[in-house]
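What follows is each chain in one-letter form.
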Amino acid sequence: MPLWFLNLRVLCAFVVLLSPMTYRKKLIEVALPLEAINVESAREKSIRHGHPSTLHLWWSRKPLATTRAVLWASLVDDPSSWPEKFPTEEAQNRERQRLFDILGRIEIEKDKKGNTKQVVRGLVSWDEINQPNSAVLLEAQREIARCLAWERGEEPPTKPDAIRDYIAKYAPPAYDPFCGGGSIPLEAQRLGLQAHGSDLNPVAVLITKALIEIPPKFKDKPPVNPDSRQKQKISSWEGAQGLAADVRYYGQWMRDEAFKRIGYLYPMVETNHKGTKDTKVIAWLWARTVKCPNPACGCQMPLVNKFSLSTKKGKEAWVEPFVGDVNTEGDFNHKGTEDTKGDDFGVSVVPPKIRFEVKTGKGTAPDGTVNRKGAVCIACNTPVPFDHIRREGKAGRMDSQLMAIVAEGQGGRVYLSPDEEQEYIAKKAQPEWKPDSNLPEQALGFRVQGYGMTKHADLFTPRQLVALTTFSDLVSEAREKIKADAVAAGIPDDDLPLNDGGIGATAYADAVATYLAFGVSRIANTLCTIARWTASRDQTVTAFARQAIPMTWDYPDVNPFSGAAGDLKVSLSSICDVLEKLQFSQQGNVQQIDATAKSNDEIAPRIISTDPPYYDNIGYADLADFFYVWLRRSLNSVYSNIFSTLLVPKTPELVATPYRFGGDKKKAQSFFEEGLRKAFGRMNGMAHSDYPLTVYYAFKQAETEDSDDDKGNAVVSSTGWETMLEGLIKSDFSIGGTWPMRTELSNRSVGLGTNALASSIVLVCRPRPADAPKASRRQFLNELKRDLPQALKLLQQGNIAPVDLAQASIGPGMAIYSKYAAILESNGTSMGVRTALQLINQILDEFLTEQEGEFDSDTRWALTWFEQYQFNEALYGNAETLSKAKNTSIQGMVEAGILEAKAGKVRLLKREDLKTDWKPEKDERTPIWEITQHLIHTLDKNGETGAAELLAKLGNKADLAKELAYRLYSLCDRKGWTQEAIAYNSLVTSWPEITRLANEYKPSPEQLSFSL
Ligand SMILES: C[S@@+](CC[C@H](N)C(=O)[O-])C[C@H]1O[C@@H](n2cnc3c(N)ncnc32)[C@H](O)[C@@H]1O
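Residues numbered from 1 in each chain as written. Predicted model: local features only at pLDDT ≥ 70, side-chain atom pairs only at ≥ 80, totals over all residues. Heavy atoms only, no water.

Engineer: Would you mind showing me how to read the overall build of the protein chain here?
Structural biologist: For the protein chain, the helix and strand inventory stands at 29 helices and 29 strands. Every one of the 1012 residues in the protein chain was classed for burial, and the buried ones make up 58%. Relative to all contacts within the protein chain whose residues are 6 or more apart in sequence, the contacts with residues 24 or more apart total 73%. When the accessible area of the protein chain is evaluated, it comes to approximately 42,000 Å², of which 49% is carbon and sulfur surface. (Helix = DSSP H or I, 4+ residues; strand = E, 2+ residues; numbered from the N terminus. Buried < 20%, exposed > 50% of the residue type's maximum accessible area, 1.4 Å probe, protein only. Contact = heavy atoms within 4.5 Å. Areas by Shrake-Rupley, 256 points an atom, 1.4 Å probe, with all protein chains shown as cover.)

Engineer: How should the site of the ligand be read in this particular structure?
Structural biologist: Near the ligand, the surroundings consist of 25 residues, among which Lys62, Gly181, Ser183, Asp199 and Asp611 are the closest. Here an oxygen atom of the ligand sits 2.8 Å away from a polar atom, N or O, in the main chain of lysine 62. Surface burial for the ligand is 100%, taken as the share of its 600 Å² of free accessible area covered by protein chains. Looking at side-chain class alone, the shell around the ligand contains 13 nonpolar, six polar and six charged residues. (Near = heavy atom within 4 Å. Polar contact = N/O pair within 3.5 Å; in protein donor to acceptor, adjacent residues only side chain to side chain. Nonpolar A, V, L, I, M, F, W, Y, C, P; charged D, E, K, R; others polar.)

Engineer: Would you explain the sheet that holds strand β28 (residues 899–902) in this entry?
Structural biologist: Hydrogen bonding along the main chain pairs the strands of a sheet, whether they run parallel or antiparallel. An order of β27-β29-β28 is seen for the three strands of this open sheet, with the pairing classed as antiparallel. The sheet is open, and its two borders are formed by β27 (874–875) and β28, each paired with just one other strand. Two elements, β28 and strand β29 (residues 905–908), share four bridges in a ladder whose sense is antiparallel. The partner of leucine 899 across the bridge, within β29, is leucine 908. The sheet contacts of helix α23 (residues 857–869) involve β27, β28 and β29, and relative to β29 the element is tilted by about 100 degrees. (Pairing = 2+ DSSP bridges. Axes fitted to C-alpha atoms, helices over the stretch in contact; angles between N-to-C directions.)

Engineer: Explanation requested: the nonpolar core in the structure shown.
Structural biologist: Note on soluble globular proteins: their nonpolar side chains tend to be buried together. Within the largest apolar cluster, 301 residues are counted, with the highest numbers of intra-cluster contacts made by Trp72, Met814 and Trp861. A total of 14 residues in this core trace back to one element, the largest contributor, which is helix α15 (residues 505–524). Contact partners of methionine 814, with chain neighbours within four places excluded, come to Leu725, Ile729, Ile735, Lys819, Val833, Ala836, Leu837 and Ile840. (Core = buried A, V, L, I, M, F, W, Y, C linked by side-chain atoms within 4.5 Å.)

Engineer: I'm lost on the packing of aromatic side chains in this one. Help?
Structural biologist: Given two aromatic rings, their pairing is described by the distance between the two centres and the angle made by the two planes. Counted by the stated rule, this structure contains 33 aromatic pairs. For the ring pair tyrosine 249 and tyrosine 250, a centre distance of 4.8 Å and an interplane angle of 80 degrees mean the geometry is edge-to-face. Look at tyrosine 249 and you get partly exposed, because its relative accessible area is 25%. Relative to phenylalanine 561, the ring of phenylalanine 471 has its centre 5.9 Å away and its plane inclined at 45 degrees; by these criteria the two rings are tilted. With phenylalanine 471 in helix α14 (residues 462–488) and phenylalanine 561 in the loop between β17 (554–558) and α16 (568–581), this residue pair connects regions lying 90 residues apart in the sequence. As far as the burial class goes, phenylalanine 471 and phenylalanine 561 line up, both buried. Grouping aromatic residues by their ring pairs yields a cluster made of Trp58, Trp59, Trp433, Phe460, Phe544, Tyr620, Phe626, Phe627 and Trp630. For the cation-ring pair, arginine 606 lies above tyrosine 175, with the distance from its terminal atom to the ring centre recorded as 4.7 Å. (Phe/Tyr/Trp six-rings, centres within 6.5 Å; stacked < 30°, edge-to-face > 60°. Lys NZ or Arg CZ within 6 Å of the ring centre and 35° of its normal.)

Right, dumping it as structure tokens:
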């Protein structure tokens, strides 16, 4: 039996033991194959093509692998819930393993070169998620139906259609009251449930509608456009393929029409030196300018972050600025000083002009003119503070100058110097309409208002405004065309709009128009002055690469007819790729609802899974206005209810931003906490009692605050995290699980402090019985001390990554805390979540320290030394004193190969200083410290195969290496030694694979004699 299976067994056994069964437990309340879910969730982050998230941007979407796993594991019973069917622990474990295999399992495959690699199979694998009619999905649905049937005392259905019908009939509807980009309802729908979603934000509502509500209404319907109708006889249209075909067709019509109307604003350029302007421009690159404050200069100084255009090897290009009209090579020396104007400079009253030329080949781009500290005038080298730029911006005197043109040449991108005609054409664009709404005075991550950009329209050039308005208005024109074509195609027109439940010609036109409007809204992300040009990738990066509106100095003005990013055709093609792959067997329903408002609706109990906002992480409403203004322009008459406000509703939004409370942090915090409680209260009222509530919390290490516990030990807690726990507990939920999901980790070597810790935690909750008892602090502590160490040991044996251990330990700890109505302190007050978390942390610390007792004396010495000096030198005397306390000797440890002692100084050997020809079979003193460091070093150099070979040679000598890695990880994490912490985390996360490979390893006869 593989080692990991044994570990899993104990982990599961523990969780069952900890929570007495009062209801039928679901799989998620007992165990999850975390590693497979995490690997696939992280992988999904890099998948673009056809991923539902490409329908339209939404911030901080949850990976579908995670939402799918959480929902399925909430629907399927844990085998321990059926003792009559799985009477022994062995039988339960076997059944649980079967369910794990359906959900996600890691398999080892050999590639063509014979190298082994890990692949994830099962429901969470992206290949299955994106696969229409996936066999694994059916297998998973079979299990949902089986659990429903057992509960009802019926025979489970076996045929595919019968399975789906059974789920449709008996499974509870799923609901996400903070649905955002729709990841949770989408997966609920794919699992076969009736999916409901709601959000306060109209953009989120529309995205989720487009994913789960609109496509099922027109399931399997052929397109109505004349082109497809002609081919209809030979085509069959499944799912939303017909809808997609119409989106492509009418999108092309819109693009052609737009080109007829505004194509003159996007002139071609000459690249062939034959006088023919026949090359399409990809983008015009502009620099913002302000007047130089030096009275002797006064030029319109360009504000440029970077002058480089392409840093691709062999294609290097950059902009060379010149001061003055004279075209003299080298008159600008890259340092912002000018040397051709001689004595005149400094006294001239005519402001010098700045001219740009594109250079290619060998050479380096000059430094930009703006950095974090301020700007510098390119003509006179005067340092210019941001204050001046802000003043000029606010006075409406910020201008722009064309720097370069990017065109699509024969062999790739070509860069051209600007010319007056191109600049003139761009500047003559006169928008007939623009989004005149105000940007918020202050908002999370918004940096542009201080520079006089106070309206949404200010985020666009006049040409971009013309283009976006033209495209937005064409949505309504296309809608009329679609309606007429639909009627011609035989679809009855009942004049009932989509939004009022229609499914006729009018509703169909509304549906296609929705996707067309998304196509336009998507390109606004590229067609704005917040987008950036990246020289390393030779392309435009959209404005919302981050959840912010930062100030940009130079920016691309992208051609929407270029065939590249920013072109409506490209944008709609991404949308259609999503539509074509959607799978649905049931209708979805999405509404705009404030999740904190009281609901009087009589609704069937629901299985609720949700991902509420994270304290003050993202200002969704402020950000979404950027898209809302364009979507409203296109779709106001289609969705008059959700577009009734000029901008996205702000006041009820759950976010703890002081800006909304006159700068009062406390008010913002209590608004958020109160709102979260109301939302959880509402959920408690509508949750189905047979299923757990699952709540996502995006854990961000940056949010943590250090504080001291009762004994003055530093502990880590997080305001957002506490609020989430408090909110749930005060809404009468008890928390039984806290599963860390490393959704952002793309591979194991990603550094901590970057995104390795930007994980989500899924909280698994059940309503707390109204008659739950109270307990004293002592009682709580005793229970924690009794049960938590056992839980931690089992989590370790279950191979939880060290980086996740602290979080996962909160689950069993909180289960004890939250099963009581209150924990009473000695003075009669109720213990808060913060104290409970501190106590849980404290026991985790004690547990890890106690494990030291199992290590040999050299290792215990090394641990204490390391904690104080890491790998640095320190005095021999200190080392000597410590060695006495730990019952070892410096000389012995030098001989063991873990220490260097010379010239009165001692230091622990770094991994790279360890003996390269170490033969453990010949080494008589092998402290676990040495073994662990060698294993990590080998893992680093030779991968899991190399480490496995070493592990095989070490045999059971290495048994405690994983425990030491946990201890060292926690120590380094506490000390902030990030790189070192990563090393220990990597050893543990690779441990199952290393041990597996070590078991397969065939030792040489010499090694065999060593292990005997
Ligand atoms: C973390 S996001 C959800 C993301 C979603 N799970 C996804 O994968 O795309 C939180 C959502 O809560 C919404 N929200 C904020 N305040 C709200 C309120 N009072 N009522 C309903 N939704 C609200 C935000 O608009 C945002 O879409």
